[in-house]
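Chains, contacts and geometry: an overview
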Amino acid sequence: MGDSFGDFAIFKQPAIIRLSYHKRTGKCVSVDTKVIRMDEQHIDREMLLEAGDIIKAGGLVAFPTETVYGLGGDALNPASSRKIYEAKGRPSDNPLIVHIADLEALDAIVREVPPEAEKLAEAFWPGPLTMILHKSDLVPYETTGGLDTVAVRMPVHKVAREFIRAAGGYVAAPSANRSGRPSPTVAKYVAEDMDGRIEMIIDGGDVEIGLESTIVDLTVPEPMILRPGYITKKMLEEVLSRVEEDCTLMRADSGQAPKAPGMKYRHYAPKGDLTIISGAEEAVIEYINEQLERQRLAGKKTGVIGTDKTIGKYHADVCKSAGNREKENTIAKELYRILREFDDESVEVIYSEAFDASGIGQAIMNRLLKAAGHKVIEIK
Ligand code: AMP
Ligand code: MG
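Residues numbered from 1 in each chain as written. Chains lettered and ligands numbered in written order. Predicted model: local features only at pLDDT ≥ 70, side-chain atom pairs only at ≥ 80, totals over all residues. Heavy atoms only, no water.

1. As for the overall build of the protein
Convention followed: Counting from the N terminus, the helices are the DSSP runs of H or I reaching at least four residues and the strands are the DSSP runs of E reaching at least two. The cut-offs for exposure are 20% and 50% of the maximum accessible area for each residue type, with area from a 1.4 Å probe on protein chains only; residues under the lower value are buried, those over the upper are exposed, and the others partly exposed. Contacts: residue pairs with any heavy atoms within 4.5 Å of one another. Note on areas: these come from Shrake-Rupley sampling with a 1.4 Å probe, and a residue is covered only by the protein chains present in the view.
In terms of helices and strands, the protein carries 11 helices and 18 strands. Looking at the 380 residues of the protein, the share that counts as buried comes to 53%. Contacts in the protein between residues far apart in sequence, at least 24 positions, make up 68% of those at least 6 positions apart. For the protein, the accessible surface area stands at approximately 17,600 Å², while carbon and sulfur atoms represent 50% of it.

2. A closer look at a negative patch on the surface
Here is the rule we go by: Distance thresholds for patches are 9 Å for like charges and 5 Å for nonpolar side chains (Val, Leu, Ile, Met, Phe, Trp, Tyr), applied to residues having over 30% relative accessible area and no salt bridge. Every case where a carboxyl oxygen of Asp or Glu lies within 4 Å of a side-chain nitrogen of Lys or Arg is listed as a salt bridge. We treat Lys and Arg as the positive residues and Asp and Glu as the negative residues; His and chain ends play no part in the count. In this description, the location of a charge corresponds to atom NZ of lysine, CZ of arginine, CG of aspartate or CD of glutamate.
A surface patch of negative charge is lined by E104, D107, E118 and E122. Mapped onto the fold, E118 is located in helix α4 (residues 115-124).

3. Some thoughts on the pattern of salt bridges
Opposite charge on two side chains allows them to pair when their charged atoms are near. Per the stated rule, a full pass over the model turns up 24 salt bridges. With a closest N to O distance of 2.4 Å, D273 and K375 form a salt bridge. Here K375 lies in the loop between α11 (360-371) and β18 (376-378) and D273 lies in strand β14 (residues 273-278), a separation of 102 residues in the sequence. With relative accessibility at 34%, the residue K375 sits in the partly exposed group. Across the pair E334 and R337 runs a salt bridge, and its minimum N-O distance is 1.9 Å. Note that E334 and R337 are positioned in helix α10 (residues 328-344) at a spacing of three residues, about one turn of the helix.

4. Digging into unusual backbone geometry
Residue P126 is reached from W125 by a cis peptide bond, and omega for that bond is -10°. Look at S346: it is not a glycine, yet its phi comes out positive at around 50°. Here S346 lies in the loop between α10 and β17 (349-353).

5. Focus on helix α2 (residues 78-88)
What counts, and what does not: What the arc measures is the spread of directions leading from the helix axis to the C-beta atoms. Nitrogen and oxygen atoms within 3.5 Å of one another constitute a polar contact, given that in protein one can donate a hydrogen and the other can accept it, and given that sequence-neighbouring residues count only through two side-chain atoms.
Within α2, the full set of buried residues consists of S80, S81, I84, Y85, A87 and K88. The buried side chains of α2 occupy one side of the element, clustering within an arc of 165° when seen end-on. Residues of α2 that are buried sit in contact with β5 (70-74), α5 (141-144), β9 (171-172) and α7 (187-194). Sitting at the amino-terminal end of α2 is N77, which places a side-chain oxygen 2.9 Å from the backbone nitrogen of A79. Two residues or fewer after α2 comes G89, characterised by a positive phi angle close to 70°.

See below:
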C-alpha cells in the first residue's frame, strides 16, 4: 500500500517505536518490555524462571511487592545496579534496597547480624521493613551508592519472593517509577514510566500497602528510623526498647541532611503544584474553596485531596477522596494513585487536607510533605 488513488495518498500508520538513548554514548538502548500477569494465587513458575533468567543475564524486571512495585536487577552485579539508576533517571548516590527471599540469604551480604536485627527479622520479616546493616564485600558499591552499609528487606508478597529465588536470591530494587514521580501501586503506572527501558514487568494487580517500607538503621548506637512506613515506631518499640527517629523526616527546616540519602531528593511529586492545608475541618474547607475560586479565575485546572466525609464540599475541577480518616491504611493505599491521576488529568494546582502524623499517618504525611515540597499552610 502507501499507494495513491487518484488525488488521495494513503499512508500506512507508522508503528509506534519507543526509543531511548544512552546519555554518554548516544547509543540506542530501547528494549521490548514484556508484560506478564501473575498474582499470589496463581504463581506461574515457568514465567518466574524466565524473569529470573533476565536478572541473571544482567537485565531488569519490575515486580509487585506488598509496599509498591519494585524495579529489580541483580544486587551483586555492578552493571545491573548501574542499569537501574539509568532506567529510573536516579542519582547514583541514592542507594538501592537489596531484597532477599529467605533469612539464610542475609549472612552473605552483611558483615554481621546484630541481635536487634535478629529480633526485628523475627517480628517483621517477611514484611515491609528495611534494615540498614554493614555490608560484606559481596555487595558492590554500585548497589549501595558508595556506602559501606547495605539496606536489606524480605518482602512478604509471594510473587516477589518466588521471583527473588528464581533470580539467584539477591534483587536490588528501588520503586519502579522514574525518579521524582510517585511510586507505582499498579502495573499500569510501571509501564507508563518504564516501557522500553526494562525487559519485563510482572503485573500482580494492586499492591496491598501502597507506601514504601519503613527503614531502620542498625549501624548506629541507637536504632534509628530513616523513613516512616507501615511498621510504626510504636510497633518497633515493642520489639526493641528504644528507637530514635531521624529529625529531618517531617521538617524541611531542620538544617540537616536526611540520613537516608534518598530522602533528600524531591520525591513523589505530581506535576501540578501541591499545597497542604492544615487546621480545623470547616476552616480548611472554606480556605481551600476560596483558593480554588482564585485559581479558577486565573484559568488554572484545579484539584483537591479530601476524605469521604469532606470531598463533596469542595468546588474543584477534580476532587479525590483519599478514603476514611478512621481507616488510615486505605489512605496510604490511595495516595500515590491519586497523585498520578491528577497528572493523567493535567491538573495544575492541587490542595490537600493534612493527615494525622501518628501511626501509619506519619508515613502518609511524610510522603505528602515531600510531594508538596513541604508547602504547608496552617489555618488558625
Ligand atoms: P527506594 O528504593 O526508592 O524505596 O529508596 C530506597 C531508600 O533507602 C532511599 O531513600 C535510600 O536513601 C535508602 N537507603 C538505601 N540504602 C541505604 C543505606 N545504606 N543507608 C541509608 N539509607 C539507605
Ligand atoms: Mg522510590
